[in-house]
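Spelled out, the chains give:
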Amino acid sequence: MSFPTQARVVIVGGGIIGASIAYHLTKFGWSDVVLVERGQLTSGTTWHAAGLVNQLRTTATMTDLCRYGAQLFSSLKEETGQETGFRRTGSLPVARTPERLTEIARLISLGKTFGVEAHMLSHDEIKARHPLVDTSQVIGGAFIPGDGSTNPIDTTQALVKGARNRGAKVFEHVSVTGFDVQDGAIQAVITEQGTIKCEIAVLCAGAWTRDLGRKAGVNVPLYAAEHMYVLTEAHADIRPNLPVLRDADGYIYIKEDTGKLLVGSFEPRAKSLPMSKLPGNFQFGELGEDWDHFEQPMANAMQLVPLIENLGIRHFLNGPESFTPDNKFILGEAPNVRNIYVASGFNSQGILSSAGVGKAMSEWIMAGEPTMDLSELDIARFNNFEINQRFLSERISETLGLLFAMHWPHRQFDTARGIREVPLYARLKQKGAVFGTAAGWERANWYATDGVKPEYEYSFERQNWFECVRKEHEATRNAVALFDMSSFGKTFIEGPDAESELQRICANNMAVEPGRIVYTQMLNSRGGIVADVTFTRLSEHRYMMVTAAATQPHDMNWINRNLGSDARVTVTDVTSGHAVLSIMGPKSRELLQKISSADFSNEVFPFGVAREIEIGYAMALAQRVTFVGELGWELYMPTEFVGQIFDFLVDAGEPLGLKLAGYHALDSLRSEKGYRHFGNDVTPGDTPIEAALQFAVSFRKDVDFIGRAALEKQKAEGVKRKQAFFRLLDPAPILLHDEPVYRDGVLIGRTTSGSYGYTVGSSVAMGYLPVPEVDWKEWLASGSFEIELAGVLYRAEASARPFYDPDSHRIKM
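Analysis parameters
Sequence order sets the numbering: in each chain, residues are counted from 1 along the sequence as written. Reporting in this predicted model follows two pLDDT cut-offs: at least 70 for local features of residues, and 80 or more for side-chain atom pairs to be given and counted; totals over whole chains, interfaces and linings ignore these cut-offs and use all residues. By convention in this description, side-chain values take in all heavy atoms of the structure and omit both hydrogens and water. Under the scheme used here, helices are H or I runs from DSSP no shorter than 4 residues and strands are E runs no shorter than 2 residues, and both carry numbers assigned from the N terminus. The quantity called the radius of gyration is restricted to C-alpha atoms. Its globule counterpart is 2.2 Å times the number of residues to the power 0.38. Categorising residues by exposure relies on relative accessible area from a 1.4 Å probe, with only protein chains included: less than 20% of the type maximum marks a residue as buried, more than 50% marks it as exposed, and the intermediate range marks it as partly exposed. Note on contacts: a residue pair is in contact if any heavy atoms of the two residues lie within 4.5 Å. Areas reported here follow the Shrake-Rupley algorithm with a probe of radius 1.4 Å; residue values treat only the protein chains shown as occluding. Buried Ala, Val, Leu, Ile, Met, Phe, Trp, Tyr and Cys residues that are joined via side-chain atoms within 4.5 Å together make up what is termed a nonpolar core. When DSSP finds two or more bridges between two strands, those strands count as paired. Expected helix span is given by 1.5 Å per residue-to-residue step, counting one fewer step than there are residues. The bend at a residue is defined as the angle formed between two axes, one fitted to the seven residues ending at that residue and one fitted to the seven starting there. When charges are counted, neither His nor the chain ends are considered; positive counts come from Lys and Arg and negative counts from Asp and Glu. Every case where a carboxyl oxygen of Asp or Glu lies within 4 Å of a side-chain nitrogen of Lys or Arg is listed as a salt bridge. Counted as a polar contact is a pair of N or O atoms within 3.5 Å, where, for protein atoms, one must be capable of donating a hydrogen and the other of accepting one, and residues adjacent in sequence contribute only when both atoms are in side chains. Cysteine sulfur atoms are paired as a disulfide whenever they fall within 2.5 Å. Cavity: a set of points on a 1 Å grid over the protein atoms alone where a 1.4 Å probe fits but cannot get out. Pocket: an open set with protein on both sides within 12 Å along at least five of seven lines, its lining residues, like those of a cavity, having an atom within 4 Å of a point. Grid points are joined across faces, edges and corners, and a volume is the space filled by probe spheres set on the points.

Colleague: Outline the overall build of the protein, listing residues and values.
Modeller: Counting its secondary structure elements, the protein contains 19 helices and 39 strands. On C-alpha atoms alone, the protein measures out to a radius of gyration of 27 Å, which is about the 28 Å that the 2.2 N^0.38 rule sets for 813 residues. Overall size of the protein, expressed as C-alpha extent along the three principal axes, is 80 × 65 × 55 Å. A buried classification covers 62% of the 813 residues belonging to the protein. A sequence separation of at least 24 residues applies to 72% of the contacts in the protein between residues at least 6 apart. Carbon together with sulfur atoms contributes 47% to the accessible area of the protein, which is approximately 30200 Å² in total.

Below you can see the structure in the form of structure tokens.
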């Protein structure tokens, strides 16, 4: 076969991810696909993978991706004639602690919403499923019968064969030396054997993708770590097709492998691996044995399966795997180079996710946008600092272990902290702030009161900050609270064409007078919500977009990608130049009037308006908005002025009962009020009509904004699901997200986000439910609703409106 000079799609990387993308692109009708691999297929990291195939993950998106693998791998042999080695043995996660058992039970509950069969097991049932387990070491577990394992090499070959059968061309021993990028778009992939002109390039070179991306000017924040497992000798007691054991408390997994046992580990502190330590043409390579590092996992394995202590070790495998700083995959189109896609950073989950990732990426490439919610995995989520190698090396030493660490609610990273500090960091810390991280920012999540240790004590129930946050919440509802929101992403969109471009990119009407605030969504072509933001029109040609710290890079990218080629618009990140103080509560007006000469009355300063004011010794932009459901203002000022303004507010607020409040209180307050959280309650898979956000969509404006046609079609045909609000009748349980929702005993949906509502006295949540043929409000009121939490059903009240101030009287008082 002659080497091609042109192709529609060039895939770089011949591991299981590249093979799956080639397979699915050709399956969906694109046959002009070329895959190049610098060595042999699978020779990078795929070949030494343990081959586990699990369906359930800790989020809905990840579960949706991973459950497809068991379906595809079981059918590939029939389609291609190539053995895959897939065995549906089931998996058996076990718990050594009550907290781990709760986590497993929550996972099993999530599986029900996806139709994944799974069962909790007693001691006796664990022993019956896996006779080698010493059940005195565990308190319970679960069995997921559809899980199993596959042979990574054979499965990759089957995917490649399927792709070749439909026209794809595959070339081994071809190194990519560069990329031809012109006018911000890929033109060709340059190899040692020649240049291939292409419309699209896909980078899926595993741990080498960061270096490969650099050649195209694309930042891929991943780093390698050493991943280890051992293979024991065979033994007659090791029966075929034992379920895969997952002992996360012991950091280990154990799988039967041709009469032997494979013992692998995701230890709490891993060994980061600079790629410079590997030979330039590293193929089917291994790193050295490290028994000192593997000693504790091996001891844990001997505890759980005592037979291992008597078995010799046939092989100790230590190989490189790639990990990401937030422990999530890296997928999607590069933010700064059009038509270069990345699929990498699989955190040792490449085999189990390969089928779903190949399908999702192929659909994204062909449609030009994701066809499912992949926002948490989108490469556009990263900030520029996250390519820093020292940061990556330190963080990746932690993220490997997070696969098996407890997935606590509100868990914070321990490594590579203090990257970005808000201007008030020292003041807030002195006042008891306990910080969390978002996009590298250290920001106050809660304030420790007297007698409470200022650090997290994690739990699935009420954590140690619960009563501290109650005081912050109650101050916001009954008096006044001050939130430092300086980590907000602040972006100027400015130029003569700013209004016309934003009218097309945003769903709401952006043609407002200067000084007005617009809440809007940005939509994809299917009407799905890709961004949930506010804009303030500062002048005729300048808008300020305010967005969450974690989503700002993505939101800026979306605007840049959708600007007209000749648009006279610039997009500038001004986050670091502006601090933000949020003054919220019924006494917020009284507080601000103490230190500002501005008139904060309803008549002069109504809701949705921004004004420049004098405050303290400075000037600030005051915006009358809220994300807590109370009267309040956000103050934007240059960072150098925020210290003295903060001090003035604290001193003047003391007689009014002012409390400093953090992001946990914010979450509780917004949940009670029914304000949506992007990534949970609204995603690219949800439309404003389904989310009851039609008020933020302007069908009156004479502009064909992105997603308009899809929304108009949905309006005409009617929605099939709507967002509802829930409140538990029992005040004790804590709702988080992804809990199954039942009506009259029938599973009908899941929660999207939840939090404790201190004002309403129990946990509240949101979630989408199917639209009935009868009246929506009557259907919600007449049903008997329950929400499942770790296998236990709790009665709930359902409503079409939020449980706190549904008519929004308080924000306009």
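This is not the end of the story, as more comes after the structure.
Colleague: Before we move on, can you summarise the nonpolar core with the specific residues and values?
Modeller: With 49 residues, the main nonpolar core has Ile 11, Ile 21, Val 202, Leu 331, Ala 343 and Val 357 as its most contacted residues. Looking at this core, the elements that each hand over two or more residues are β1 (6-12), α1 (16-27), β2 (33-36), α2 (60-73), α6 (152-165), β11 (194-203), β19 (340-344) and α9 (350-367). The element that contributes the greatest number of residues to this core is α9, accounting for eight residues. Beyond its immediate stretch of four places on either side in the chain, Ala 343 contacts Ile 17, Ile 21, Leu 203, Cys 204, Ile 330, Leu 331, Val 357 and Met 361. Counting 41 residues, the second-largest nonpolar core is a separate cluster that includes Leu 424, Leu 591, Ala 620 and Val 650.

Colleague: Pulling in residues and values, what's your account of the pairing of strand β25 (residues 517-523)?
Modeller: Burial of β25 is extensive: six of the seven residues sit out of reach of the surface. Pairing of β25 with strand β26 (residues 529-539) involves seven bridges; the strand directions are antiparallel. Looking at the pairing, Leu 523 lines up with Ile 529 of β26. Following β25, the chain reverses through five residues before pairing antiparallel with β26; Gly 527 in that reversal takes a positive phi of roughly 85°.

Colleague: Give a detailed account of the sheet that holds strand β22 (residues 441-447), specifying residues and quantitative values.
Modeller: Taken together, three strands build an open sheet; the order of strands is β20-β22-β21 and the sheet is mixed. Both edges of this open sheet fall to β20 (420-421) and β21 (433-438), since each of them pairs with a single strand only. Here β21 pairs with β22 via six bridges, running antiparallel. Directly across from Phe 435, in β22, lies its bridge partner Ala 444.

Colleague: Talk me through helix α17 (residues 663-673); I want residue IDs and the actual numbers.
Modeller: Counting buried residues along α17, ten of its eleven residues qualify, which places the element largely inside the surrounding structure. Buried within α17 we find Tyr 663, His 664, Ala 665, Leu 666, Ser 668, Leu 669, Arg 670, Ser 671, Glu 672 and Lys 673. Following α17 by one or two positions, Gly 674 adopts a phi angle in the positive range, close to 80°.

Colleague: Quick rundown of α9? Include the residues and the values.
Modeller: The end-to-end C-alpha distance of α9 is 23 Å, a good match for the 26 Å that 18 residues give at a rise of 1.5 Å each. Of all the bends in α9, the greatest, near 35°, is centred on Gly 356.

Colleague: Describe unusual backbone geometry, and please don't skip the residues or the numbers.
Modeller: Phi at Asn 327 is positive, roughly 65°, even though this residue is not glycine. With respect to the helices, strands and loops of the structure, Asn 327 is situated in the loop between β17 (313-323) and β18 (330-333). What makes Asn 327 buried here is its relative accessible area of 16%. The backbone of Asn 339 shows a phi angle near 70°, a positive value even though the residue is not glycine. Here Asn 339 lies in the loop between β18 and β19. Its relative accessible area of 28% is what places Asn 339 among the partly exposed residues.

Colleague: Outline the side chain of Lys 260, supporting the account with residue identities and numerical values.
Modeller: By secondary structure assignment, the location of Lys 260 is in strand β15 (residues 260-265). Buried within the structure, Lys 260 lacks any salt-bridge partner; Asp 257 is the closest side chain of opposite charge, at an N-O distance of 5.4 Å. Among the polar contacts listed, one links the side chain of Lys 260 to the side chain of Thr 258, at a separation of 2.9 Å. The contact partners of Lys 260, leaving out residues within four places of it in the chain, are Leu 231, Thr 232, Glu 233, Ala 234, Ile 238, Lys 255 and Arg 314.

Colleague: Break down the state of the cysteines for me, with residues and values.
Modeller: Evaluation of the coordinates by the stated rule reveals zero disulfides. Cys 204 provides the cysteine sulfur closest to Cys 66, a residue in no disulfide bond, and the two sulfurs are 17 Å apart. The exposure class of Cys 66 is buried, given its relative accessible area of 0%.

Colleague: Give me empty space enclosed by the protein: which residues, what numbers.
Modeller: Scanning the entire structure with this criterion turns up three cavities of 30 Å³ or more. Reported here for the largest cavity is a volume of approximately 180 Å³. Contributions of two or more residues to the lining of the largest cavity are made by α17 and β36 (746-757).

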